Amino acid sequence: MEEEKSSPPSDLTSESSLEHTDHDSNKATPLKKIDVLLKATGDAPIMRKKKWAVEGDKRVGWVADFIRKYLKLNSSDNLFLYVNQSFAPAPDQLVRNLYQCFGSDGKLVLHYCRTQAWG
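Let us look at the structure shown here. (Residues numbered from 1 in each chain as written. Predicted model: local features only at pLDDT ≥ 70, side-chain atom pairs only at ≥ 80, totals over all residues. Heavy atoms only, no water.)

## Structural notes on the environment of Pro 89
No. 1: For Pro 89, the position within the fold is in the loop between β4 (80–83) and α2 (95–102).
No. 2: With 28 residues separating them in the primary sequence, Pro 89 and Gly 61 have C-alpha atoms 9.3 Å apart.
No. 3: If we ignore the near neighbours within four places in the chain, the residues touching Pro 89 are Val 60, Leu 81, Tyr 82, Val 83 and Leu 98. (Helix = DSSP H or I, 4+ residues; strand = E, 2+ residues; numbered from the N terminus. Contact = heavy atoms within 4.5 Å.)

Written out as structure tokens, the structure reads:
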């Protein structure tokens with residue numbers, strides 16, 4: 001069986017090529033990329049790569065579109081995203097804001113599923 005190779009969009013990188021920034025620094029430089037851990041829940045297909053570096057100014061809706069494209073879901077298929085297994089963020093919420101409020105251990109954990117799980 002031959003593995004399909006899907007390349008991530010240019011503004012996402014896998015964990016093997018993450019840019020590390022000093023999170024504890026008081027410098028005025030903004031955090032460019034945020035480590036996002038994507039975890040499947042329920043009947044959702046599991047992604048081969050779970051950890052991605054996402055630009056902080058991307059919106060949650062963009063992340064959902066990326067997941068939908070990566071998993072080759074139809075536009076009619078439901079896809080739900082949850083932060084910390086508790087609430088669904090608004091599609092226009094910035095990844096940077098979610099990370100600042102709910103990130104831990106240097107990453108933001110988002111759970112995705114095809115049926116409503118929490119909230």
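## Overview of the side chain of Arg 68
No. 1: Mapping Arg 68 onto the fold places it in helix α1 (residues 60–70).
No. 2: Dropping the residues within four chain positions of it, Arg 68 is found in contact with Leu 73, Asn 74, Ser 75, Asp 77 and Leu 79.

## Thoughts on the environment of Cys 113
No. 1: Looking at the secondary structure, you find Cys 113 in strand β5 (residues 108–113).
No. 2: A relative accessible area of 1% places Cys 113 in the buried class.
No. 3: Sequence separation between Cys 113 and Ala 44 is 69 residues; the distance between their C-alpha atoms is 4.8 Å.
No. 4: Among all residues touching Cys 113, those that are not within four sequence positions of it are Thr 41, Ala 44, Asn 78, Leu 79, Phe 80 and Tyr 82. (Buried < 20%, exposed > 50% of the residue type's maximum accessible area, 1.4 Å probe, protein only.)

## Observations concerning α1
No. 1: Counting buried positions over the 11 residues of α1 gives 8, a clear majority of the element.
No. 2: Buried within α1 are the following residues: Val 60, Gly 61, Val 63, Ala 64, Phe 66, Ile 67, Arg 68 and Tyr 70.
No. 3: Two residues or fewer past α1, Lys 72 is found with a positive phi of approximately 55°.

## A word on the packing of aromatic side chains
No. 1: All told, the structure shown has 5 aromatic pairs when counted by the stated rule.
No. 2: Seen in terms of ring centroids, Trp 62 and Phe 66 are 6.1 Å apart; in terms of plane orientation they differ by 10°. Their pairing is stacked. With Trp 62 and Phe 66 both in helix α1 and 4 residues apart, the pair spans about one turn of that helix.
No. 3: The exposure class assigned to Trp 62 is partly exposed, which follows from its relative accessible area of 23%.
No. 4: Site record: aromatic cluster; members linked through ring pairs are Trp 52, Trp 62, Phe 66 and Tyr 70. (Phe/Tyr/Trp six-rings, centres within 6.5 Å; stacked < 30°, edge-to-face > 60°.)

Any functional reading would require information that these geometric values do not contain.
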